[in-house]
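# Overview (structure and organization)
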Amino acid sequence: MDDTTAHGKTARNSTAPSATPATGPGATGPDTTETPGVGSPAGPQPAAEAPVPEPYLTELAAGVHAFIQPDGGWCLNNAGFVTDGDATLVVDTAATERRARLLRQRIAESGAPAPRTVVNTHHHGDHTYGNGVFAPEATVIGHASCRRELLAAGHQLHAVWPEVAYGDIRLTPPEVTYTDELTVHVGDIEVRLIHPGVAHTTGDTIVWLPRERIVFAGDLVFHGGTPFVFMGSLSGSLRAVQTLRALDAVTVVPGHGPVTGPEVYDGIERYLRFVGQLAEEGRAAGRTPLETAQGADLGPFAELPESERLVANLHRAYVELAGAAPGVPLDPIAGFGDMTVLNGGVPMACHA
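Summarised in this report is the structure supplied together with it. (Residues numbered from 1 in each chain as written. Predicted model: local features only at pLDDT ≥ 70, side-chain atom pairs only at ≥ 80, totals over all residues. Heavy atoms only, no water.)

## Some details on the overall build of the protein
Heads up, the condition is: Working definition: helices are DSSP H or I runs of at least four residues, strands are E runs of at least two. Numbering for both runs from the N terminus. Residue exposure (1.4 Å probe, protein chains only): buried if accessible area is under 20% of the type maximum, exposed if over 50%, otherwise partly exposed. Between two residues, a contact is recorded if the distance between any of their heavy atoms is within 4.5 Å. Here the Shrake-Rupley method, with its probe set to 1.4 Å, supplies the accessible areas, and only the displayed protein chains count as covering residues.
When helices and strands are counted, the protein shows 10 helices and 14 strands. Looking at the 352 residues of the protein, the share that counts as buried comes to 59%. For the protein, long-range pairs separated by at least 24 residues make up 71% of all intrachain contacts whose partners lie at least 6 apart in sequence. Working note: accessible area of the protein is about 13200 Å², and carbon and sulfur atoms make up 54% of it.

Structure representation (structure tokens):
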């Protein structure tokens, strides 16, 4: 086992992390100091009943904003928008109608016109449930597999967390799709959409602004949270990190967690390699993914929220070691059931 597992604790139950909004120009959330890297703790963990802070905007460059949703846990994703004053493009939406309408309100309050375009970084409901708040006035764009997966999954979050007040969720899949790359122009702002291959899901999109050197990474990047590759690929996620590195971005908007810089890639890569090594050892020893996760020493990753994702990631790593193609569907009942066991028998909570 490498030096990432030399010290630390075994897998433990996860609780909600504290809010850690990013600082920077135009930040409208509470001031805080960023902690770079996926291996960094998200800060002191509040009591379970503590209210979740409201989303806030951070201006990253002229016409470019991130919409950050603390605490970045299950179902609390980031979004953003790009505008030249005449047109507006939104990157991702939110898990509930209320939060999607709050995103739309924040865009209007910034002085930007109503969005004409929505880009989805992947099909998961926390990034797509709010599409209907912007469509049909806005055209939704995504990878071809994002459209297929969204249509196949249906009201996916309702199935996992039926108690959540989602509001009026009208499933709105991308109506414009691409396969490898697509460039969209918002006035003179170039927005490149790049498919990195199967990674977090089969239909991920990197949203890259080359002039501003800003990347919206979607759930290829969890900052201060545990990565999740159950519906994608472990090996593909490692390749996606290299794709992100090659862009040479200065500012990284993760799918979850505060805005950061490219240093975040190091911790993600270390975690993914850690999962791969655990899978090799556990499978060789004849242990199930759950048994391997239960006996794992998380070392520097022990403080990451959502640590129960380890067992789901091991499910993916095991099938890839057995020769399965990246993205081959896995049994969600088995994956989420094992995460519940690893979480002390308590189902994971939707924070939205």
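## Structural notes on the sheet that holds strand β5 (residues 88-91)
Inclusion rule: Think of it this way: DSSP has to see at least two bridges between two strands before they count as a pair. Note on geometry: axes are C-alpha line fits, over the in-contact stretch for helices, and angles between N-to-C directions span 0 to 180 degrees.
Overall, mixed pairing links the seven strands, which are arranged β2-β3-β4-β5-β6-β7-β8 in an open sheet. Here the strands that pair on one side only, and so sit at the sheet edges, are β2 (56-61) and β8 (176-178). Pairs of neighbouring strands in the sheet enclose a mean axial angle of 20 degrees, with direction left out of account. Across four bridges, the pairing between strand β4 (residues 79-83) and β5 is antiparallel. Residue pairing in the sheet places T83 in a bridge with T88 of β5. Together, β2, β3 (64-68), β4 and β5 form the strand contacts of helix α1 (residues 97-109), whose direction differs from that of β3 by roughly 150 degrees. Against the sheet, helix α4 (residues 144-153) touches β7 (139-143) and β8, its axis set at about 105 degrees to β7.

## As for the pattern of salt bridges
For clarity, the threshold we go by: Salt bridges, as used here, are contacts in which a Lys or Arg side-chain nitrogen is within 4 Å of a carboxyl oxygen on Asp or Glu.
Scanning the entire structure with this criterion turns up 11 salt bridges. Its salt-bridge partner being R309, residue E306 comes within 3.7 Å of it at the nearest N-O pair. Accessibility assignment for this pair places E306 and R309 in one class, buried. In the salt-bridge network here, residues are joined through shared partners; they are R245, D266, E269 and R273.

## Structural notes on the packing of helix α6 (residues 234-247) against helix α7 (residues 264-284)
This is how it is decided: Our angle categories are set so that under 35 degrees counts as roughly parallel, over 145 as roughly antiparallel, 65 to 115 as roughly perpendicular, and the remainder as oblique. By definition, turning the near helix anticlockwise from the far helix through less than a right angle yields a left-handed crossing, and turning it clockwise yields a right-handed one. By the convention adopted, Pro, Cys, Tyr, Trp, Phe, Met, Ile, Leu, Val and Ala count as nonpolar, Lys, Arg, Asp and Glu as charged, and the other residues, Gly among them, as polar.
Orientation of α6 relative to α7, taken along the N-to-C sense of each, is 160 degrees, at an axis distance of 10 Å. Here α6 is positioned roughly antiparallel relative to α7, judged by the angle of their axes. As for how α6 packs across α7, the hand of that crossing is left-handed. Between α6 and α7, the residues in contact are L234, S237, L238, V241, Q242, L244 and R245 and Y265, D266, I268, E269, L272, R273, V275 and G276, respectively. Classifying every residue of the contact of α6 with α7 by side-chain character gives eight nonpolar, three polar and four charged.

## Digging into the environment of R283
Position of R283 relative to the elements: it lies in helix α7. Given the relative accessible area of 40%, R283 is considered partly exposed. Once the C-alpha coordinates of R283 and L314 are considered, the two residues, 31 residues apart in sequence, prove to be 9.7 Å apart. Beyond its immediate chain neighbours, meaning those up to four positions away, R283 contacts Y318, L321 and A322.

## Quick notes on the nonpolar core
To keep things clear, this is the line we draw: By nonpolar core we mean a set of buried residues, namely Ala, Val, Leu, Ile, Met, Phe, Trp, Tyr and Cys, connected to one another through side-chain atoms within 4.5 Å.
One finds W161, V215, L244 and L310 to be the most contacted residues of the largest nonpolar core, which totals 56 residues. For this core, the secondary structure elements donating two or more residues are β11 (206-209), β12 (214-222), α6, α7, α8 (289-294), α9 (309-321) and α10 (332-342). Aside from chain neighbours lying at most four places away, what touches L244 is I206, V215, A217, L220, V221 and Y265. I68, L193, I214 and V259 belong to the second-largest nonpolar core, a separate cluster that totals 23 residues.

## Structural notes on the sheet that holds strand β10 (residues 189-194)
Strands sit in the order β9-β10-β11-β12-β13 across an open sheet of five strands; the sheet is mixed. Each of the sheet's edge strands pairs with one partner strand only, and the pair in question is β9 (181-186) and β13 (251-256). Each neighbouring strand pair of the sheet contributes to a mean axis angle of 25 degrees, computed without reference to strand direction. The sheet contact formed by β9 and β10 spans six bridges and is antiparallel. Along β10, the bridge assignment pairs V184 with V191. The sheet contacts of α6 involve β10, β11 and β12, and relative to β12 the element is tilted by about 160 degrees.

## Things to note about the packing of aromatic side chains
The geometry of two aromatic rings is summed up by the distance between their centres and the angle between their planes. The cut-off we apply is this: Classification of ring pairs uses Phe, Tyr and Trp, with its six-membered ring standing for Trp, and accepts pairs whose centres are within 6.5 Å; under 30 degrees between planes counts as stacked, over 60 as edge-to-face, and the remaining range as tilted.
By the definition in use, this model includes 10 aromatic pairs. With 5.5 Å between their ring centres and 80 degrees between their planes, W74 and F228 make a pair best called edge-to-face. Linking W74 in the loop between β3 and β4 with F228 in the loop between β12 and α6, this pair joins segments that are 154 residues apart in sequence. The interplanar angle of 90 degrees and the centroid separation of 5.3 Å between the aromatic rings of Y271 and F301 together place this pair among those described as edge-to-face. Here Y271 is found in helix α7, whereas its partner F301 is found in the loop between β14 (297-299) and α9, with 30 residues between them in sequence.

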